[in-house]
Amino acid sequence: MKRHLSRSIIGLLAAVAFAAGCKNAADESREPDAEAAGVEKTSAAAPGEASPGKPSAPVDIDYDIVGVPIVGHPVNIDLAVSSTQGDAPVKLTWHVLDTGSLSFPESQLREVSLRVNARQAQTRQVTVVPQREGRLYLNVTAEVETADGAMLKSMAIPIQVGSAPGQQQQEQNGEVKQDSDGETIVSLPADEGS
């Protein structure tokens, strides 16, 4: 009995020592409370200032899809490129990742060089031919030389061909009615099995 009791006490003491060690390690890894130390807390960016984050290329790309995209018919996309700081030479390229969904006519260039500024956007037209219905993407990249070296800005332009899944007519359950207070409600049929 003494041997059994002493093993239980030793196990209990070991568990208490282990728990105390874990608590001390957790306390040491925690940052000291700034207010308790009399230090004022500050954030990385002052209020009203944006966090510096990853630098972005000083160029903007806007687009406009001309007409209604139809499978097998060319569709034009107007790309408008402008600089967000001064004059800048820009290399504009476009490509399609899924060539089974979207293709280029043989005469379509795949890149152009432009000189852009913030006052007036340079516009170029790209022609693509949708090969299927659904949401298809044209990938556009603008490469601009800056004092920090070449920087890129890329975007995927969504082209909706045919009706979108959410635009299809949905079957409506129930009947639209007005209740006694004049509120519009949907009256659902009672389940016969209940």
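As a starting point, this report considers the structure included with it.

The rules behind the values
Residues numbered from 1 in each chain as written. Predicted model: local features only at pLDDT ≥ 70, side-chain atom pairs only at ≥ 80, totals over all residues. Heavy atoms only, no water. Helix = DSSP H or I, 4+ residues; strand = E, 2+ residues; numbered from the N terminus. Buried < 20%, exposed > 50% of the residue type's maximum accessible area, 1.4 Å probe, protein only. Contact = heavy atoms within 4.5 Å. Areas by Shrake-Rupley, 256 points an atom, 1.4 Å probe, with all protein chains shown as cover. Pairing = 2+ DSSP bridges. Axes fitted to C-alpha atoms, helices over the stretch in contact; angles between N-to-C directions. Core = buried A, V, L, I, M, F, W, Y, C linked by side-chain atoms within 4.5 Å. Salt bridge = Lys/Arg side-chain N within 4 Å of Asp/Glu carboxyl O.

A word on the overall build of the protein chain. Each helix and strand counted, the protein chain has one helix and ten strands in total. For the protein chain, with 194 residues in total, the buried portion stands at 22%. When contacts within the protein chain are restricted to residue pairs at least 6 apart in sequence, long-range pairs at least 24 apart make up 59% of them. Carbon together with sulfur atoms contributes 51% to the accessible area of the protein chain, which is approximately 14,500 Å² in total.

With that out of the way, let us pick up the sheet that holds strand β3 (residues 88-95). Backbone hydrogen bonds hold the strands of a sheet together, and the pairing may be parallel or antiparallel. Overall, antiparallel pairing links the four strands, which are arranged β5-β3-β7-β8 in an open sheet. The two strands at the open ends of the sheet, each matched to only one other strand, are β5 (111-116) and β8 (149-161). The sheet shows a mean angle of 25° between the axes of neighbouring strands, taken without regard to direction. Of the strand pairs in this sheet, β3 and strand β7 (residues 134-146) are connected by six bridges, and their pairing is antiparallel. By the bridge assignment for β7, W94 is matched with V140.

Among the structural elements, Y63 can be located in strand β1 (residues 59-66). Distance from Y63 to D78, taken between C-alpha atoms, is 5.4 Å for residues 15 residues apart in sequence.

What follows concerns the nonpolar core. Of all hydrophobic cores here, the largest spans 28 residues; its most connected members are L79, L92, W94, V128, L138 and V140. For this core, the secondary-structure elements that each account for two or more residues are β1, β2 (75-83), β3, β5, β6 (122-130), β7 and β8. In this view, W94 contacts L79, F104, Q108, L109, R110, E111, V112, V126, L138, N139 and V140; residues no more than four positions away in its chain are not counted.

Turning our eyes to something else, we now look at the pattern of salt bridges. Tallied over the entire structure, the rule returns two salt bridges. Taking the shortest distance from any N to any O, the salt bridge between D60 and K153 comes out at 3.7 Å. Here K153 lies in strand β8 and D60 lies in strand β1, a separation of 93 residues in the sequence. Classification of D60 by relative accessible area gives partly exposed; the value is 32%. When its relative accessible area of 23% is taken as the criterion, K153 is described as partly exposed.

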